[in-house]
Amino acid sequence: MLERYFAILEGIEKSKYLLNKDKLEELIEKAEEIYTNCHFCEHRCGIDRREKLGRCGAKLGSIASHFFHYGEEDVLVPSYTIFFSGCTFGCVYCQNYDISQYQAGIYIEPERMAWIIDGIVGRARNVNWVGGDPTPHLLYILKVLEKCSANLPQIWNSNMYCSVETMDILKHIIDVYLTDFKYGNDRCAEKLSKVKNYWEIITRNHEIAYRQGEMIIRHLVLPNHVECCSLPVLEWIAENTPDAVVNVMDQYYPTYKAFEYEEINRRISSEEYKKAYEYAKKLGLNVL
């Protein structure tokens, strides 16, 4: 397991976006078309985001913060994380709700952000696009990469509610998918994250991402959601993406609107985490 874990970034001699530099102009054109009738995510709100905000509430390229992050999985740190505001989810327990659910951040010109990224070579192991969620900002990301020359793996740190059109663009630029697989059914997803058709979309995109690059799947154990969410998620991973690295996370704490929901208004118990973690091990997953 540890060999697989520490091999995640080995073998990436040249990041995908550099290998596909000749395609970036075409990819930007595709992203611009999507942006004017927005369907970067599966809400497919169809809004011309040049004129107003979409369902995600994201202003293109609105960056809440960017810094060297040492709190990610060991194989990724130091990771240069770029946190966007806005999100395709409305999680009632979001630990980054101040940037995901409210307008935050500033616009940094793509040329300037590319200059910053080029300057971190030798000091960071990767560039980590996150949020909120990076999905609504794909056009901006492409414009940054068009100006970049840094040979650093690109990390897509996302809830994976992307459209198939977005996934088709990502295959040309993303080296590692750092995914968030939350729920084992649509009911919990709609109640706690305000999204529809979760299971079909997320499993589809995990299967696509699994074919397109390396993958680390995060699953945050929620109180009272081990049976309905944790176990089905882990079973699906074992059956469909067995070589992925899996991080079964115990960091949940109630915040934002979580206290309005009795089922999640506490931290998880040691028994809940143990049940999820040991089940993942029993399934033979590459657990951190």
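Structure: above.
About the cut-offs
- Residues numbered from 1 in each chain as written.
- Predicted model: local features only at pLDDT ≥ 70, side-chain atom pairs only at ≥ 80, totals over all residues.
- Heavy atoms only, no water.
- Axes fitted to C-alpha atoms, helices over the stretch in contact; angles between N-to-C directions.
- Helix = DSSP H or I, 4+ residues; strand = E, 2+ residues; numbered from the N terminus.
- Parallel < 35°, antiparallel > 145°, perpendicular 65-115°, else oblique.
- Left-handed = near helix turned anticlockwise from the far one by under 90°.
- Contact = heavy atoms within 4.5 Å.
- Nonpolar A, V, L, I, M, F, W, Y, C, P; charged D, E, K, R; others polar.
- Pairing = 2+ DSSP bridges.
- Salt bridge = Lys/Arg side-chain N within 4 Å of Asp/Glu carboxyl O.
- Phe/Tyr/Trp six-rings, centres within 6.5 Å; stacked < 30°, edge-to-face > 60°.
- Buried < 20%, exposed > 50% of the residue type's maximum accessible area, 1.4 Å probe, protein only.
- Core = buried A, V, L, I, M, F, W, Y, C linked by side-chain atoms within 4.5 Å.

J.: How do you make sense of the packing of helix H10 (residues 226-240) against helix H11 (residues 270-282) when you look at a structure like this?
T.: Helix packing geometry: the angle between the two helix axes and the distance between the axes. The contact between H10 and H11 brings their axes to 9 Å, and the two run at 20°. As far as their axial angle goes, H11 and H10 are roughly parallel. For H10 against H11, the interelement crossing comes out right-handed. Of H11, the residues touching H10 (which contributes Val-226, Glu-227, Ser-230, Leu-231, Leu-234 and Glu-235) are Glu-272, Lys-275, Ala-276, Tyr-279 and Ala-280. In terms of residue class, the contact of H10 with H11 is built from 6 nonpolar, 1 polar and 4 charged.

J.: Which parts of the structure should I look at to understand the sheet that holds strand E6 (residues 176-180)?
T.: In sheet architecture, strand pairing relies on hydrogen bonds along the backbone and comes in two forms, parallel and antiparallel. One open sheet holds the 9 strands; their spatial order is E3-E1-E2-E4-E5-E6-E7-E8-E9, and the pairing between them is mixed. The open sheet has two edge strands, strand E3 (106-107) and strand E9 (286-287), and neither has a second partner. Sheet topology places strand E7 (residues 214-220) next to strand E8 (residues 245-249); 5 bridges connect them, and they run parallel. Looking at E8, one finds that Leu-220 is bridged to Met-249.

J.: Would you mind going over the pattern of salt bridges with me for this structure?
T.: In a structure, side chains of opposite charge can pair up when their charged atoms sit close to one another. For the structure on display, the rule yields 14 salt bridges. A salt bridge links Asp-180 to Lys-182; the shortest N-O distance between them is 2.8 Å. Between Glu-227 and Lys-275 there is a salt bridge whose closest N-O contact spans 2.1 Å. Of this pair, Glu-227 sits in helix H10 while Lys-275 is found in helix H11, placing the two residues 48 residues apart along the sequence.

J.: It is not clear to me how the packing of aromatic side chains should be interpreted in this structure. Could you clarify?
T.: Each aromatic ring pair is characterised by the separation of its centres together with the angle its planes make. Under the criterion given, the structure shown has 13 aromatic pairs. Ring centres of Tyr-93 and Tyr-252 lie 5.7 Å apart, and the angle between their planes is 70°; this geometry places the pair in the edge-to-face category. Separated by 159 residues along the polypeptide, Tyr-93 in the loop between strand E2 (79-84) and helix H4 (97-100) and Tyr-252 in the loop between E8 and H11 bring together distant segments of the chain. Considered together, Tyr-93 and Tyr-252 belong to a single accessibility category, that of buried residues. Plain terms: the ring middles of Tyr-97 and Tyr-256 are 4.7 Å apart, the flat faces sit at 10° to each other, and that makes the pair stacked. Linking Tyr-97 in helix H4 with Tyr-256 in the loop between E8 and H11, this pair joins segments that are 159 residues apart in sequence. Given the relative accessible area of 31%, Tyr-97 is considered partly exposed. Put simply, the rings of Phe-84, Tyr-107, Trp-129 and Tyr-140 pair up and form one aromatic cluster.

J.: Honestly, the nonpolar core in this entry has me stumped. Any pointers?
T.: Judged by nonpolar contacts, the single largest core of 87 residues is most densely connected at Tyr-93 and Ile-173. Excluding residues that lie within four positions of it along the chain, Tyr-93 makes contacts with Lys-182, Tyr-183, Leu-192, Ser-193, Leu-220, Leu-222, Tyr-252, Thr-255, Tyr-256, Ala-258 and Ile-264. Grouped together as the second largest cluster of nonpolar side chains are 9 residues, Leu-9, Leu-76, Ile-155 and Val-176 included.

J.: What am I meant to see in unusual backbone geometry here?
T.: Where the residue is not glycine, phi is negative for most of them; where a peptide bond is considered, it is trans in most cases. Cis geometry marks the peptide bond from Val-77 to Pro-78, where omega comes out at -5°. Positionally, Pro-78 belongs in the loop between strand E1 (62-69) and E2. In this structure, Gly-132 follows Gly-131 across a cis peptide bond, with omega equal to 20°. The residue Gly-132 is located in the loop between strand E4 (126-130) and helix H6 (138-147) in this model. Even without being a glycine, Arg-44 presents a positive backbone phi close to 45°. With respect to the helices and strands, the residue Arg-44 is situated in the loop between helix H3 (24-36) and E1. If you check the backbone angles, Asn-224 has positive phi at about 65° while not being a glycine. Structurally, the position occupied by Asn-224 is in the loop between E7 and H10.

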